[in-house]
Amino acid sequence: IISGVVHINGTALDEPYARLSDDDYHISLGEDEYFVLGDNRPESYDSREEDIGAVRADAFLGRVRAVVWPLGRVRFGME
């Protein structure tokens, strides 16, 4: 995260829905690790917190059945 903008391998993400902060943050993830962020970046309790950090893939319990945002990527019936 550079000046509140998330970069993955040097490429900035386009996240018009996210409330930005002025934070800078760097992390390198291992295999099967994820960095989770809330949309309200200045107030979100997420992977930037020391007691959360990177989340291992086996910690995810759900299954995506629909994507409703951003509107250009809406889809249903995913399994």
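Residues numbered from 1 in each chain as written. Predicted model: local features only at pLDDT ≥ 70, side-chain atom pairs only at ≥ 80, totals over all residues. Heavy atoms only, no water.

1. Describing the side chain of Arg41
Okay, so step 1: Checked against the element boundaries, Arg41 lands in the loop between β3 (33-34) and β4 (55-56).
Okay, so step 2: The class for Arg41 is buried, based on a relative accessible area of 5%.
Okay, so step 3: With residues near it in sequence (within four places) discarded, Arg41 still touches Val6, Glu15, Ala18, Arg19, Leu20, Ser21 and Arg48. (Helix = DSSP H or I, 4+ residues; strand = E, 2+ residues; numbered from the N terminus. Buried < 20%, exposed > 50% of the residue type's maximum accessible area, 1.4 Å probe, protein only. Contact = heavy atoms within 4.5 Å.)

2. Thoughts on unusual backbone geometry
Negative phi values dominate among residues other than glycine, just as trans dominates among peptide bonds.
Okay, so step 1: Going from Trp69 to Pro70, the amide bond is cis rather than trans, its omega being 0°.
Okay, so step 2: With respect to the element layout, Pro70 can be found in the loop between β5 (66-67) and β6 (75-76).
Okay, so step 3: The backbone of Ser3 sits at a positive phi, close to 50°, despite the residue not being glycine.
Okay, so step 4: Of note, Ser3 is situated in the segment before β1 (7-8).
Okay, so step 5: Of note in the backbone geometry, Asp32 takes a positive phi value of approximately 60° without being a glycine.
Okay, so step 6: Within the secondary structure layout, Asp32 lies in the loop between β2 (11-12) and β3.

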